Amino acid sequence: MTDTATHTGSAAGQTPATTVGHSVMATLRSYGIDTIFGIPGTHNLELYRPLRDLGIHPVTTRHEQGAGYAADGWSQRTGLPGVVLTTSGPGLLNALSAAGTAYCESRPMLVISPGVPRGEEGSDRGALHETKDASGAAAAIMYASHRVTSGAEAVAVIHDAFELFRYGRPRPIHLEIPLDVLEGPSDSTPEQERAVPWRAYHEADPRAVARVAELLGRSTSPVILAGGGASAAPEALRELAEALDAPVVTTMNGKATLDESHPLSVGSEIRLPAAQRLANEADVLLVIGSKVGDAELWFESLRPSGTVIRIDLLASQMQVNLASDIQLQGHSQRVLRQLLDAPQLWRTTGDGAARAAAARTAAKEQGRQIAGGLAALAEQVAAGMPEGAILSGDSSQVTYLGTASFVPLAQPRSFLYTPAYATLGYGLPAAIGAKVADPESPVLCVLGDGALMFAVQEFMTAVEQGLDLVVVVADNGGYGEIRQNELDRAIQPVGVDLAQPDWPLLVQAFGGTGRAVREPGALAEAIEAAFVAGGLQLIHVPTGIFAG
């Protein structure tokens, strides 16, 4: 929220190099953060003051929720945590849905906000942006919230956050800096503000690695299930799959960790019965970095008949949702290398590609039965997308029924989506963040009309940032799945059939270009033309043209 009230703080007599705000941003810059997302406000200006001098680019979104989702898209493309700056009170609270997404999907995010001055906590005196307990609200949603009392303490929180982001299960951290601290002189030193050097990733117990390598080497029908935690190790995953001749099925968070054109790839289809059957029938099932949660499975829990091995950063995850026989605790990148280096891991040639192809074909058929015309729509998207494109989606039927299955991708973290948190309003700002992070790669956002309305104001952010961005809005007239849910419960549809704007005209009002597709075979060509034209491009597609 952009403030309209004024505040006179102690920063008036401070130089940028001496404020706590400068110390905080200098520390972030030392870790490679060159972009932040947020909205300037009266109370957070000391965080914005040093940005130009530090070489940090601010992306001003039109809502703090959009800032959080853009930071998430940026993070997935850079491998660094997304940083969100909000003002106090409503600005922070507006960003909490994005922080909740980062927590649920295990993604790194740092949210920084000012807080009430020291001594004024809970004073209930009608101050600007007064909030009962902002840090408490953030702590209830994020991994942790830290209200600090000095510059040195704020800098220490940032170092601790990067320790988690680098070596632990990445989740969002909130840093609240009381206004009198933020605008006051810093007690941290330049030495304290330097990034902590990288160290080696945690590796698994070598005895357990040897045991697992022997089991995998002797396996006749191994299967690998790769979740989001495997996306840090795509090369090692590919090498292990090829060494074992093992089919690889992924969750949607792990989509394309193995190039989906690879003969051993089944795709991100673990939610479909054919892929679940493949995993259940394996004599050894290796699960890498996945909660194996309900949101990724849809139909029923996995029931493997063979030995289950899990690789995870946390011991607490090893029996969650799926019991494991052997556990390898450590970072996926390091543990997979341990397995590849183990002499017990015999290189084999078997029927892995044939098993993968059979499961892939069966899963695609099952996906078509569920998706209906959205499968054909997604195939048109795939036909029109440039090579190496990043694909953003939303909690829209066109994403989880369509593009997740029918748009093959080649690189990890190129499918921007939230399968567990399942929020609306993610797709457009995430695409913006990804394009800011990776300007040379084409970025395509495909989402439903209901989802786009949650973040339509971010069209202005895309135009202001000068981005080449293509958005396909699949218009089913409202909240299509919820309408079907109501009918399934014998509820006459209520609140789900929504009036629609003139979408091409709307995007033109923001400074973009609008196109309308009225024939199913024209979508691929429209996408190709939109990428050639550049700038913000919207393509409006009524889903009804793909029915039948």
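Residues numbered from 1 in each chain as written. Predicted model: local features only at pLDDT ≥ 70, side-chain atom pairs only at ≥ 80, totals over all residues. Heavy atoms only, no water.

### Description of the overall build of the chain
Helices and strands together make up the secondary structure of the chain, namely 23 helices and 18 strands. Against the 2.2 N^0.38 benchmark of 24 Å for 548 residues, the chain shows a C-alpha radius of gyration of 24 Å, consistent with a compact globule. Viewed in the frame of its principal axes, the chain has a C-alpha envelope of about 75 × 60 × 45 Å. Classification of the 548 residues of the chain by burial places 56% in the buried group. Within the chain, residue pairs in contact and separated by at least 24 positions form 76% of the contacts whose partners lie at least 6 positions apart. Taking the 38 positively charged and 59 negatively charged side chains of the chain as two groups, their mean positions are separated by 5 Å. (Helix = DSSP H or I, 4+ residues; strand = E, 2+ residues; numbered from the N terminus. Rg over C-alpha atoms; globule rule 2.2 N^0.38 Å. Buried < 20%, exposed > 50% of the residue type's maximum accessible area, 1.4 Å probe, protein only. Contact = heavy atoms within 4.5 Å. Lys, Arg positive; Asp, Glu negative; His and termini not counted. Charge placed at Lys NZ, Arg CZ, Asp CG, Glu CD.)

### A short note on the pattern of salt bridges
What the rule picks out here adds up to 20 salt bridges. Between Glu214 and Arg218 there is a salt bridge; the shortest N-O distance is 3.4 Å. Taken as a pair, Glu214 and Arg218 lie in helix 10 (residues 206-218) at a separation of 4 residues, close to a single helical turn. The partner of Glu260 in a salt bridge is Lys255, and the shortest N-O contact between them spans 2.8 Å. Note on accessibility: Glu260 and Lys255 belong to one class, buried. (Salt bridge = Lys/Arg side-chain N within 4 Å of Asp/Glu carboxyl O.)

### Quick word on the pairing of strand 12 (residues 326-329)
Residues Ile326 and Leu328 point to one face of strand 12 and are all buried, whereas Gln327 and Gln329, pointing to the other face, are not buried. Relative to strand 12, strand 11 (residues 307-312) runs parallel, the two sharing 4 bridges. Counterpart to Ile311 in the pairing with strand 12 is Leu328. (Pairing = 2+ DSSP bridges.)

### Details of the sheet that holds strand 2 (residues 57-60)
Backbone hydrogen bonds are what pair the strands of a sheet, in a parallel or an antiparallel way. Strands sit in the order 2-1-3-4-6-5 across an open sheet of 6 strands; the sheet is parallel. The open sheet has two edge strands, strand 2 and strand 5 (144-147), and neither has a second partner. Averaged over all adjacent pairs, the angle separating strand axes in this sheet is 25°, with direction ignored. The sheet contact formed by strand 5 and strand 6 (residues 172-178) spans 4 bridges and is parallel. Residue pairing across strands places Ala144 opposite Ile173, the latter belonging to strand 6. (Axes fitted to C-alpha atoms, helices over the stretch in contact; angles between N-to-C directions.)

### A look at unusual backbone geometry
Here the phi dihedral of Ala422 falls at roughly 55°; this positive angle occurs in a residue that is not glycine. In this structure, Ala422 sits in the loop between strand 14 (415-416) and helix 18 (427-437). In the Ramachandran plot, Ala490 falls in the positive-phi region, its phi being about 60° despite a non-glycine side chain.

### As for the confidence of the model for the chain
Here the chain averages 94 in pLDDT, and 97% of its residues register 70 or above. Within the model, pLDDT remains below 50 along residues 1-16, and this stretch shows 36 contacts once partners closer than five positions in the same chain are excluded. (pLDDT = per-residue confidence, 0-100.)

### What to know about the pairing of strand 11
In terms of residue burial, strand 11 counts as a mostly covered element, since 5 of its 6 residues are buried. The pairing of strand 10 (residues 284-288) with strand 11 spans 5 bridges and is classified as parallel. Bridging across to strand 11, Ile288 finds its partner in Ile311.

### Observations regarding the nonpolar core
One recurring pattern in soluble globular proteins is that nonpolar side chains are buried together. Membership of the largest hydrophobic core comes to 74 residues, with the highest contact counts inside it found for Ile112, Phe459 and Val471. Counting residues per element, this core draws most heavily on helix 8 (residues 151-167), at 7 residues. Not counting residues up to four positions away in its chain, the partners in contact with Val471 are Leu428, Cys445, Leu447, Leu452, Phe459, Leu536, Gln537, Leu538 and Ile539. Core analysis: the second largest hydrophobic core is formed by 33 residues, Leu374, Val398, Ala404 and Val407 among them. (Core = buried A, V, L, I, M, F, W, Y, C linked by side-chain atoms within 4.5 Å.)

### Overview of the sheet that holds strand 14
The sheet built from 6 strands is open, its strands ordered 14-13-15-16-18-17 with parallel pairing. Each edge of the sheet is formed by a strand with only one pairing partner; in this case those strands are strand 14 and strand 17 (513-516). Pairing geometry for strand 16 (residues 469-475) and strand 18 (residues 536-542), over 7 bridges, is parallel. Bridge pairing links Ala474 to Val541 in strand 18.

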